[in-house]
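Secondary and tertiary structure notes
Listed here are the chains, written in short residue letters.
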Amino acid sequence: MRTQLYIDGSFGPADNGATFETIDPATENVFSEVASGGASDVDRAVLAARRAFDSGIWSNLPALERASILRRIAKGITDNLELLSRLETRDNGKPLPEAQWDIEDAAYCFEFYAKMIEGDAKADSQAIDVGDIRFDSRIWQEPVGVVAAITPWNFPMLMAVWKLAPALAAGCTIVLKPSELCSMTCYELARIVDTAGLPKGVFNLVTGLGPTAGAALTAHRLVDKIAFTGSVATGGKVMQAASAGIRTVSLELGGKSPFIVFDDCQIDKAVEWIMFGIFWNKGEVCSATSRVLVHHRIYQKLIARLKKETERISIGVGDQEGVKLGPIVAKVQYDKIMGILERAKNSGASLVTGGGRPTGFDSGFFIAPSIFSDVPRDAEIWTEEIFGPVVCLNSFETEAEAIEMANDSPFGLAAAVMSDDLDRCDRVAAKLRAGVVWINCSQPTFTQAPWGGYKSSGIGRELGRAGYEAYLETKQVTRFDHTEDWGWYQAPGPSK
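Residues numbered from 1 in each chain as written. Predicted model: local features only at pLDDT ≥ 70, side-chain atom pairs only at ≥ 80, totals over all residues. Heavy atoms only, no water.

Moving on to the packing of aromatic side chains. The way to describe two aromatic rings as a pair is by their centre distance and the angle between their planes. Applying the stated criterion to the full structure yields 15 aromatic pairs. For the ring pair Phe361 and Phe366, a centre distance of 4.5 Å and an interplane angle of 40° mean the geometry is tilted. Both residues of the pair, Phe361 and Phe366, belong to the buried class. Grouped by ring-pair contacts, the aromatic residues Tyr6, Phe11, Tyr187 and Phe203 constitute a single cluster. (Phe/Tyr/Trp six-rings, centres within 6.5 Å; stacked < 30°, edge-to-face > 60°. Buried < 20%, exposed > 50% of the residue type's maximum accessible area, 1.4 Å probe, protein only.)

This is the structure we're talking about:
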């Protein structure tokens, strides 16, 4: 299979004909060649998006008509659920049921924003009382313009849709650059968009490498907004590039999310949510609750139960029945995690289980689900995002100590707390410095609710109404009643 770029309504190769290989992480075999766009391809895509936006062919289309096309895209995704899910599994390595959930969520995201703009269709502006009846002042909201969307490899299609659906709903035009590690379902999404009848130039896909296609896209002078999901290091480079033109930036970056477990909860339920919070999607989740803080009274008992259940996890190729943990996405990520695990063993932390390649897997990028306990708080494995199936545990004695330990991180994407005392849960949730807090659970994510973090975990919010408004500009329009006299040279001036 060989993919192409999608620019100005047409599929075609990169200008220089370059491609890169896609590797199946379960077998380490090449299964596709992906078009590798460069600066000239990015320029063509941005110019197409610019023309489409400035023409008003999409932004001036009535909201109900935009919603209709969004619904056609949603249907195209649903109609291709099996193809997209299996392709996602082969490209990323995640178990097939998880891929199916992701693709279903992607379809729903288009439906959600279609419904939102249908509901907003009758509201053309919002009046403001400025305290002077001679003036009629209103707020208009307009699309921000051309959006550069740069998306990651852990949820390849879903993370792209988190940006595409609200941006298109708002009336923006887009150039999408997915991760070079997982581009396949974004290519299929371009085919679905093309069939849905989106006007040419409104959506463009440039697959390619970060240092070439990604850098050219973030630096392009005709881009109005950059929406990026990825690492903190790359997010910093995106901000620097955007500063040259003072462009709007949304960043969804990393995390090292804490999970506080009090001693009044049921250990079985706590273990279930701890496992879901770190081993779902192989731990390749920015919000993964990878730092678990357990009350000292149940610490050893919980570790023993967590070890037992973790060692029962079925590891294997993602499309095999019953598999719960697939391979790491790529060799570069596999090697990074393996290096961290080796250093962790010498950090003073206690290895409970895992810590390397699982028995019986001689090929593929497989890592056993790993648990470390009594981890020094300055250890790399406790402070840095690993993005793999690795969880660290420490104990605490008081509520205040747990909160202090949870907040002792440069990240602030998510956090979780578990207790049968709901008043305590609410009290702790209020003190956690994180953009998303879960009570008695971990990782549920809803299209209707805003998503984003504090501190180094990012800027802005995705999903919900906040995710839609992130692609709008706010304009104040004030009209003077021309039948009135102004006489600024006689009057003391407008009131403030």
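Moving on, there is more to tell.
The next point concerns the packing of helix H2 (residues 63-79) against helix H4 (residues 96-120). H4 packs onto H2 with a crossing angle of 170° between their chain directions and a minimal axis gap of 8 Å. On the basis of their axis angle, the class for H2 and H4 is roughly antiparallel. Seen from above, H2 lies across H4 with left-handed handedness. When H2 is examined against H4, the residues Ala63, Leu64, Arg66, Ala67, Leu70, Arg71, Ile73, Ala74, Ile77 and Thr78 are found in contact with a partner set consisting of Ile103, Ala106, Ala107, Phe110, Glu111, Tyr113, Ala114, Lys115, Ile117 and Glu118. Split into classes, the residues belonging to the contact of H2 with H4 amount to 14 nonpolar, one polar and five charged. (Axes fitted to C-alpha atoms, helices over the stretch in contact; angles between N-to-C directions. Helix = DSSP H or I, 4+ residues; strand = E, 2+ residues; numbered from the N terminus. Parallel < 35°, antiparallel > 145°, perpendicular 65-115°, else oblique. Left-handed = near helix turned anticlockwise from the far one by under 90°. Contact = heavy atoms within 4.5 Å. Nonpolar A, V, L, I, M, F, W, Y, C, P; charged D, E, K, R; others polar.)

Bringing the sheet that holds strand E13 (residues 291-295) into the picture now. Spatial ordering of the open sheet is given by E14-E15-E16-E13-E12-E18-E19, a layout of seven strands whose pairing is mixed. Either end of the sheet is taken by a strand with one partner, and the two such strands are strand E14 (350-353) and strand E19 (436-439). Shown here is a sheet whose adjacent strand axes are inclined to one another by a mean of 20°, direction ignored. Pairing analysis gives five bridges linking E13 to strand E16 (residues 390-396), with the strands arranged parallel. Looking at the pairing, His295 lines up with Phe396 of E16. This element, helix H11 (residues 331-345), spans E14, strand E15 (370-373) and E16 of the sheet and lies at about 30° to E15. (Pairing = 2+ DSSP bridges.)

Looking now at helix H14 (residues 422-431). Taken together, the buried positions of H14 are Arg424, Cys425, Val428 and Ala429. Down the axis of H14, the buried side of the element spans an arc of 135°, and every buried residue falls inside it. Exposed positions of H14 whose direction lies more than 90 degrees from the buried face are Asp423 and Ala430. (Arc of directions from axis to C-beta.)

Let's shift gears to the pairing of strand E18 (residues 414-418). Summarising burial for E18: five of the five residues are buried, a large majority. Both faces of E18 are covered, namely the face carrying Ala414, Ala416 and Met418 and the face carrying Ala415 and Val417. Relative to E18, strand E12 (residues 258-261) runs parallel, the two being bridged by three bridges. Note on E18: the bridge partner recorded for Ile260 is Val417. The pairing of E18 with E19 spans four bridges and is classified as parallel. The residue bridging Val417 from the neighbouring strand is Ile439, located in E19. The β-α-β motif built from E18, the intervening H14 and the parallel element E19 has right-handed crossover chirality. (Right-handed = clockwise from strand over helix to strand, strands pointing away.)

We now examine the pairing of strand E7 (residues 146-150). For E7, the tally of buried residues reaches five of five residues, placing the bulk of the element in the interior. Residues Val146, Ala148 and Ile150 line one face of E7 and the alternating positions Val147 and Ala149 line the opposite face, and both faces are buried. Direction of pairing for E7 relative to strand E8 (residues 173-177): parallel, over a ladder of five bridges. Residue Val146 lies in a different strand from E8, and its bridge partner there is Thr173.

Turning our attention to the nonpolar core. Counting 97 residues, the largest nonpolar core has Ile73, Ile77, Phe110, Phe203, Val261 and Leu393 as the members making the most contacts within it. Counting residues per element, this core draws most heavily on helix H5 (residues 156-170), at 12 residues. Not counting residues up to four positions away in its chain, the partners in contact with Leu393 are Val292, Val294, Tyr299, Leu302, Ile303, Leu306, Ile371, Phe372, Ser373, Asp374, Val375 and Trp382. Judged by nonpolar contacts, the second largest core, of 31 residues, contains Ile340, Phe365, Phe372 and Val375. (Core = buried A, V, L, I, M, F, W, Y, C linked by side-chain atoms within 4.5 Å.)

Packing of H4 against H5 leaves a shortest axis separation of 9 Å and a crossing angle of 10°. By the angle class used here, H4 and H5 are roughly parallel. On H5, the residues that touch Asp102, Ile103, Asp105, Ala106, Cys109, Phe110, Tyr113 and Ile117 of H4 are Met157, Leu158, Val161, Trp162, Leu164, Ala165, Pro166, Leu168 and Ala169. Partitioned by chemical class, the residues of the contact of H4 with H5 number 15 nonpolar, no polar and two charged.

The next subject is a negative patch on the surface. Taken together, the side chains of Asp420, Asp421, Asp423 and Asp426 define an acidic patch exposed on the protein surface. One can find Asp426 in helix H14. (Patch = residues over 30% accessible without salt bridge, like charges linked within 9 Å, V, L, I, M, F, W, Y side chains within 5 Å. Areas by Shrake-Rupley, 256 points an atom, 1.4 Å probe, with all protein chains shown as cover. Salt bridge = Lys/Arg side-chain N within 4 Å of Asp/Glu carboxyl O. Lys, Arg positive; Asp, Glu negative; His and termini not counted. Charge placed at Lys NZ, Arg CZ, Asp CG, Glu CD.)

This part takes up the sheet that holds strand E6 (residues 135-143). Spatial strand order, E5-E6-E22: three strands in an open sheet with antiparallel pairing. Of all strands in the sheet, those with a lone pairing partner are strand E5 (126-128) and strand E22 (472-480), marking the two edges. Each strand axis lies, on average, 30° off the axis of its neighbour in the sheet, ignoring direction. Where E5 meets E6, three bridges bridge the pair, whose relative direction is antiparallel.

Attention now moves to the state of the cysteines. Under the defined criterion, the tally for this structure stands at zero disulfides. The thiol of Cys109 is not disulfide-bonded; the next cysteine sulfur, from Cys186, is found 13 Å away. Its sulfur unpaired, Cys425 is 9.1 Å from the next cysteine sulfur, which belongs to Cys265. (Disulfide = S-S within 2.5 Å.)

The next point concerns the pattern of salt bridges. In total, this model carries 33 salt bridges according to the counting rule given. The salt bridge partner of Glu33 is Arg2, with a shortest N-O separation of 2.5 Å. Within this pair, whereas Glu33 is found in strand E4 (residues 29-35), its partner Arg2 is found in the segment before strand E1 (5-7), the two being separated by 31 residues in sequence. Glu33 sits in the partly exposed class, given a relative accessible area of 27%. The salt bridge involving Glu82 is made with Arg86; its shortest N-O contact spans 2.6 Å. Of this pair, Glu82 and Arg86 both sit in helix H3 (residues 81-92), four residues apart, which is roughly one turn of the helix.

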